[in-house]
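# Notes for the structure review
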Amino acid sequence: LSTWSAVPAGPPDPILGVTEAFKADKDPRKINLGVGAYRDENGKPYVLPSVLKAEEIITASKADKEYLPITGLADFTKLAAKLAYGADSAPLQEGRISSTQSISGTGALRIGGAFLARHYPHSKTIFLPVPSWGNHTPVFRDSGLEVKGYRYFDKKTVGLDFAGLKEDLRNAPEKSIVLLHACAHNPTGVDPTPEQWAEISDICKERGLFPFFDMAYQGFASGNTARDAFALRHFVKEGHQVALAQSFAKNMGLYGERVGLFSLTTSSPEEKARVDSQVKIIVRPMYSNPPIHGARIAGTILGSPELYTQWESEVAGMANRIISMRDKLYDTLTHDLKTPGEWRHIKSQIGMFSFTGLTPPQTKALAEKAHIYMTGDGRISMAGLNGGNIVYFAEGVNAAVR
Ligand code: PMP
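Residues numbered from 1 in each chain as written. Predicted model: local features only at pLDDT ≥ 70, side-chain atom pairs only at ≥ 80, totals over all residues.

Quick look at the overall build of the chain now. The secondary structure content of the chain amounts to 16 helices and 13 strands. The C-alpha radius of gyration computed for the chain amounts to 21 Å, which stays within 12% of the reference 21 Å derived for 402 residues, consistent with globular compactness. Principal axes of the C-alpha set define a box for the chain whose edges measure 65 × 60 × 55 Å. Burial analysis of the chain (402 residues in total) assigns 45% to the buried set. Of all intrachain contacts in the chain linking residues separated by at least 6 positions in sequence, the fraction that spans at least 24 positions is 76%. (Helix = DSSP H or I, 4+ residues; strand = E, 2+ residues; numbered from the N terminus. Rg over C-alpha atoms; globule rule 2.2 N^0.38 Å. Buried ≥ 20, exposed ≤ 12 C-beta atoms within 10 Å, placed from the backbone. Contact = placed C-beta atoms within 7 Å.)

Listed below in structure tokens is the structure:
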């Protein structure tokens, strides 16, 4: 008998399953709206010109390939924290942000989960929005935290269930940990308004809840990195101590390079040094130290005024193309096709994803009849739409809901 004969087959990843079905479809009109990666106007992956320039600079410098320190490339981590918290952030200026380079956003969440499980003194429970990114639950469960949910999405309005959210956070045990999507909530595309964020901050204060921000889309949501950091910066200004997971997968298109940052705001440089030492103790046995190339790319861009300006306009370009697809989809559905139903959420939602409100049978029909693929919950990646396929997509939706 094989040693592994009792290992049960696990369920397939729901998102990768969509891509497999897409690949197997031979129809030339097929569209894949399952993937969470940006596509350009021609449906192709996009390497940012600022990234290519940074790579040229790195190649020309003939930099060595020595190990990075456990917490990563300091020229990258300092600038990444500045991008998130803002140059005028008090904890940043006072040298009391503990930060460590991570294996993109996922790795930052995992380090954060492990750090909280080991050192957060008050609770071992993290509350996630319902729904949340599918990997949040396993990441935090495997980090040693208990995972619970707070209401977030209202199927009836295809918008934020703000009353439910407030009630659930008020009823959460004091000092629980709360996961907040800083901007461009995945999978719904529904974000709180600045006024609603201020209320959420107040509730977290009242209940002593510990905010853990997941910021996977800074700049990618609105096209402006400062605007997308509003929630995080508001909480910090309000005096919350926060944890933050950052990813450079989307906003720099560095998906496979795995560039991210985990950070915690502390009360003093002395406390920061103690926290740093414990973060190192978590990282060292997991992967020893992070990869160097992607951090060099991000650090080069963030550290050069010229490349930084270029990058900001490239991020805005991606965000604006997505926003224009939202406008075009809305107009085609409501004006051209007179599709039954209310579609305003397509325009009010933000970021890469949109919860369309399509039902599982409708998404199935779209795959079978129109060769259009998305996750069964009706989430589409807006980046998969372009001038060449958007009318065909709208016609498919129109047929599916009639
Ligand atoms: N958080 C959220 C909400 C995400 O959507 C993603 C990417 N899909 C991530 C974290 C992490 O992605 P990565 O590890 O590629 O940075």
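Bringing the pairing of strand β7 (residues 177-181) into the picture now. Counted residue by residue, β7 has five buried out of five residues, so it is predominantly covered. Of the two faces of β7, the one holding I177, L179 and H181 and the one holding V178 and L180 are both buried throughout. Where strand β3 (residues 125-130) lies against β7, two bridges are found, and the strand directions are parallel. By the bridge assignment for β7, F127 is matched with V178. (Pairing = 2+ DSSP bridges.)

Per-residue pLDDT for the chain averages 96, and the proportion of residues at 70 or more is 100%. Under the prediction, the complex receives an ipTM of 0.98, its pTM being 0.96. (pLDDT = per-residue confidence, 0-100.)

This paragraph deals with the sheet that holds strand β4 (residues 146-151). One open sheet holds the seven strands; their spatial order is β2-β10-β9-β8-β7-β3-β4, and the pairing between them is mixed. Among the strands making up the open sheet, the edge pair consists of β2 (97-103) and β4. Going from strand to strand, the sheet's axes swing by 25° on average, the running direction of each strand aside. Pairing between β2 and strand β10 (residues 259-265): seven bridges, direction antiparallel. When the bridges of β10 are listed, I97 appears paired with T265. (Axes fitted to C-alpha atoms, helices over the stretch in contact; angles between N-to-C directions.)

Here the focus is the site of the ligand. Taken together, 13 residues sit near the ligand, with S104, G105, T106, A216 and S247 positioned nearest. The residue makeup of the shell around the ligand, split by class, is four nonpolar, eight polar and one charged. (Near = placed C-beta within 6 Å. Nonpolar A, V, L, I, M, F, W, Y, C, P; charged D, E, K, R; others polar.)

What follows concerns the UniProt feature "domain: Aminotransferase class I/classII large" (unreviewed entry) in the chain. In this structure's numbering, the residues bearing the UniProt feature "domain: Aminotransferase class I/classII large" (unreviewed entry) are residues 29-395. In this annotation, residues 29-395 is assigned 47% helix and 15% strand; the end-to-end C-alpha distance for the span is 12 Å. (UniProt positions renumbered as here; feature names shortened; annotations may be inferred.)

Looking now at helix α6 (residues 136-143). All of the buried residues in α6 are H136, V139, F140 and S143. Down the axis of α6, the smallest arc covering the buried residues is 85°, so these residues share one side. In α6, the exposed positions that point more than 90 degrees away from the buried face belong to P138 and D142. G144 sits one or two residues past α6 and shows a positive phi near 100°. (Arc of directions from axis to C-beta.)

One can describe the packing of helix α3 (residues 74-85) onto helix α12 (residues 293-303) by two numbers: an axis separation of 9 Å at closest approach and a directional angle of 55°. By the angle class used here, α3 and α12 are oblique. Where α3 crosses over α12, the handedness of that crossing is left-handed. Contacts between α3 and α12 involve D75, F76, L79, A80 and L83 from the former and A295, A298, G299, L302 and G303 from the latter. Broken down by class, the residue content of the contact of α3 with α12 amounts to seven nonpolar, two polar and one charged. (Parallel < 35°, antiparallel > 145°, perpendicular 65-115°, else oblique. Left-handed = near helix turned anticlockwise from the far one by under 90°.)

The next thing to look at is the environment of V158. Structurally, the position occupied by V158 is in the loop between β5 (153-154) and β6 (159-160). Ignoring sequence-local partners within four residues, the contact set of V158 consists of H345, F355 and G357.

Our focus in this paragraph is the nonpolar core. Nonpolar side chains in soluble globular proteins tend to end up buried together. In terms of nonpolar packing, the biggest core is built from 106 residues, with A84, V178, M215, L232 and A298 touching the most fellow members. The element that contributes the greatest number of residues to this core is helix α13 (residues 305-336), accounting for eight residues. Excluding anything up to four places from it in sequence, A298 contacts F76, A80, F248, M252, L254 and V259. (Core = buried A, V, L, I, M, F, W, Y, C linked by C-beta atoms within 7 Å.)

Attention shifts here to the environment of I31. Counting through the fold element by element, I31 comes out in strand β1 (residues 31-32). Assessed through the 25 C-beta atoms surrounding it within 10 Å, I31 is described here as buried. Along the chain, I31 and A108 lie 77 residues apart, while their C-alpha atoms are 32 Å from each other. Setting aside chain neighbours within four positions, we find I31 in contact with H371, I372, Y373, G384, N389 and F393.

Extensive coverage of β10 is indicated by the burial of seven of its seven residues. Of the two faces of β10, both are covered, the one formed by V259, L261, S263 and T265 as well as the one formed by G260, F262 and L264. Looking at chain direction, strand β9 (residues 243-247) and β10 are connected through five bridges and run antiparallel. Residue L244 lies in a different strand from β10, and its bridge partner there is S263.

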